[in-house]
Amino acid sequence: MIRTPLRPLARILQARDRGENPDAIERENIRARHEEMRDKARTRAEGRLLVLGLFFLCAFTVIGGRMGVLANSEPSEPRTSVAGADILAQRADIVDRKGRILATNFETHSLYAQPQQMIEPVRTAEELVKIFPDLDRERLVKDFTGKRKFLWIKKKLSPEQKQAVHDIGEPGLQFGPREMRLYPNGKLAAHVLGGASFGREGVHSAEVIGVAGIEKFYDARLRDPANGHEPLTLSLDLSVQAAVERVLFGGMKLMNAKGAAAILMDVQTGELITLASLPDFDPNDRPRPPTKGNASDSPLFNRAVQGVYELGSTFKIFAMAQALELGLVTPETMVDTRGPLTWGRFRIRDFHDYGAQLTATKVIVKSSNIGTARIAQMIGGARQQEFLKTLGFFEPTGVELVEAAGAKPLLPPKWSELSTMTISYGHGLSASPLHLASAYATIANGGHRVTPTLLRQPRGQLGAEVMSEQTAAKSMAMLRKVVSEGTASLGDVKGYAVAGKTGTADKPKENGRGYYEDRVIATFASAFPAHDPKYVLVVSLDEPVETSGDVPRRTAGWTAVPVAAEIIRRVAPLLGLRPEIEPGELAGITLTSN
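Just so it is clear, the structure is predicted and the values come from calculations on it, not from any experiment. (Residues numbered from 1 in each chain as written. Predicted model: local features only at pLDDT ≥ 70, side-chain atom pairs only at ≥ 80, totals over all residues. Heavy atoms only, no water.)

Observations concerning the overall build of the protein
And then number 1: A count of helices and strands for the protein gives 18 helices and 18 strands.
And then number 2: Computed over the C-alpha atoms, the radius of gyration of the protein is 40 Å, more than 25% above the 25 Å expected from 2.2 N^0.38 for a compact globule of 594 residues.
And then number 3: Seen along its three principal axes, the alpha-carbon backbone of the protein occupies a region of about 155 × 70 × 45 Å.
And then number 4: Burial statistics for the protein: of 594 residues in total, 48% are counted as buried.
And then number 5: Sequence-distant contacts in the protein: of pairs separated by 6 or more residues, those separated by 24 or more amount to 69%.
And then number 6: Summed over its atoms, the accessible surface of the protein is roughly 29,500 Å², and 54% of this surface lies on carbon and sulfur atoms.
And then number 7: Of the charged side chains in the protein, 75 are positive and 68 negative; the average position of the first set lies 5 Å away from that of the second. (Helix = DSSP H or I, 4+ residues; strand = E, 2+ residues; numbered from the N terminus. Rg over C-alpha atoms; globule rule 2.2 N^0.38 Å. Buried < 20%, exposed > 50% of the residue type's maximum accessible area, 1.4 Å probe, protein only. Contact = heavy atoms within 4.5 Å. Areas by Shrake-Rupley, 256 points an atom, 1.4 Å probe, with all protein chains shown as cover. Lys, Arg positive; Asp, Glu negative; His and termini not counted. Charge placed at Lys NZ, Arg CZ, Asp CG, Glu CD.)

Focus: the side chain of E546
And then number 1: Its location among the elements puts E546 in the loop between strand 18 (535-542) and helix 17 (560-571).
And then number 2: Overall, the relative accessible area of 10% leaves E546 in the buried class.

Observations concerning the packing of helix 15 (residues 433-444) against helix 16 (residues 469-484)
And then number 1: Packing of helix 15 against helix 16 brings their axes to within 8 Å, and their N-to-C directions diverge by 115°. One way to sum up the angle between helix 15 and helix 16 is to call them roughly perpendicular. Of helix 16, the residues touching helix 15 (which contributes Y440, I443 and A444) are A472, S475, M476 and L479. (Axes fitted to C-alpha atoms, helices over the stretch in contact; angles between N-to-C directions. Parallel < 35°, antiparallel > 145°, perpendicular 65-115°, else oblique.)

Things to note about the layout of surface pockets
And then number 1: Computed from the structure, the second largest pocket encloses a volume of approximately 620 Å³.
And then number 2: Broken down by secondary-structure element, the contributors of at least two residues to the lining of the second largest pocket are strand 3 (151-157), strand 4 (173-182), strand 5 (195-201) and strand 6 (206-212).
And then number 3: Here the lining of the second largest pocket is composed, by residue class, of 10 nonpolar, two polar and eight charged. (1 Å grid on protein atoms, 1.4 Å probe; cavity = no way out; pocket = protein on both sides within 12 Å on 5 of 7 lines; lining within 4 Å. Points joined across faces, edges and corners; volume = space filled by probe spheres on them. Nonpolar A, V, L, I, M, F, W, Y, C, P; charged D, E, K, R; others polar.)

Looking at the pattern of salt bridges
Opposite charge on two side chains permits them to pair, given that their charged atoms come into close proximity.
And then number 1: Enumeration over the complete set of coordinates arrives at 36 salt bridges.
And then number 2: R100 is the partner of D237 in a salt bridge, and the nearest nitrogen-oxygen pair spans 3.1 Å. Residue D237 is located in the loop between strand 7 (232-233) and helix 9 (238-254), and its partner R100 is located in the loop between strand 1 (94-95) and strand 2 (101-113); the two are separated by 137 residues in the primary sequence.
And then number 3: Exposure remark for D237: the relative accessible area of 4% places this residue in the buried category.
And then number 4: For the salt bridge of E485 with K362, the shortest nitrogen-to-oxygen distance reads 3.5 Å. With E485 in the loop between helix 16 and strand 16 (499-508) and K362 in helix 11 (residues 360-366), this residue pair connects regions lying 123 residues apart in the sequence.
And then number 5: For E485, a relative accessible area of 43% corresponds to the partly exposed category. (Salt bridge = Lys/Arg side-chain N within 4 Å of Asp/Glu carboxyl O.)

Notes on the sheet that holds strand 17 (residues 515-528)
And then number 1: The strand order across the open sheet built from five strands is 9-8-18-17-16, with neighbouring strands paired in antiparallel fashion. Strands at the two margins of the open sheet, each flanked by one partner only, are strand 9 (272-278) and strand 16. Ignoring strand direction, the axes of neighbouring strands in this sheet form an average angle of 10°.
And then number 2: Sheet topology note: the strand 8 (residues 259-266)/strand 18 ladder contains eight bridges and is antiparallel. The partner of M265 across the bridge, within strand 18, is V536.
And then number 3: Each of strand 16 and strand 17 touches helix 16; the most contacted strand, strand 16, lies at about 75° to it. (Pairing = 2+ DSSP bridges.)

Here you go:
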């Protein structure tokens, strides 16, 4: 670049010859140079702004074009990096202990509409209402003739429904492939499985999520693609579950009960072979949760896990087992049963007058409230609380159901001496039938704590020792006599030596003010075979009434016990138990005093 000199010699000499000031030439050249520099800088800046403006124009054009494409296209799920690979709603199967399917996936189709592509929207709405009577014709016509570009019609279609929709011949109706959760056994084990629904949904796939039961508890594991081909194996036995539910339903109807629950548990592992609650539901068409009224009136309510009740005289064996463990009594110890037993303004009575004294064994066999209360007084409240805590009555069971977390036993606000006495015979502390089954399994397996589980377990899963093997054996002998000689005589099943205890508890009123006089919770907790316990069975009936006689009978001996006996008679062969003669040592056991 050649720059013009500020003081050119030729012009300077000419200016001097004319008598002009040479400095004026320099100032003029400086001004011209500055103007030239300014013009170049402005031109350069204007060029840069023009390039930047063109860049933003292109960017906004691309973004606007993309938004227009999306607005005029059908909703779709994103795709993986592999061309043509749709996102699939994979979910692992659930099977029983023998590998039989309880829950699996099923390929189906969804139905959606693109009204702007419809040729005959009114006729299409009329034809759809014929196929799906639950649809609203006026609503469909309004949607089809309005400004909507997309709407769901049905999330799941059967093959027959899909063909019927296809025959309409409307190009604005489209099908989207998807997977749904299928429970091939219908209502069977409904409260265990819980059910599933759709989460995030797209036209070509939908996310299947668990909404209750074990489906929700293990939702992350079932949805993990790494486990897509590895089913979740439960401890349930499908055949046994079906037999139990069938007998339980018949018993509930025969005894005019409002509801029923049954639990069959392996005493060594805590595996739940059966967990049933009635009334039940079909998880393929799960009903909506109730928004008002009592939650226990809904078929979604799991009475075996969520039902927290006073379980009556089934608790008496815990007081007796603790007294045996502490050395306070022996099976032959005479216990004062004179009544009524008075504590302040409260009186404790027996169902019948059993005389002045009963042996400790007879206290259980005859189900004496007074005798059990006196034994509880010997134990004391502090020791009673500690023992019941080790049996699991102070916390939720921990079984693999989301509903179990909220089923915490209801304890008295103040554990007084009166509470100690009433809790010993099953009043003043409320727990679920599953809590009761776990505690009875502890006695049946020789005194080790059992944690209930719905998953297959290896053998040898016993917990901490709660009582000695000798105490557990003496307690089982008493429970056997309850069936062979006492209140549960209708529960004796030939060849299977049933041991157990009945419990009939008045049902508390919803407002918490007292108890109903004619409504009870009838429970029978049992173990079989008594001489070598393998399983615990708990049957509970809500508000049963046995009406075969002249006077209505509500006690567990007449209601829950016959139902439990029929269940054992049906399922024992399915469990691989052969009928056998009961060893004479258990029936005629003689125990010496300490």
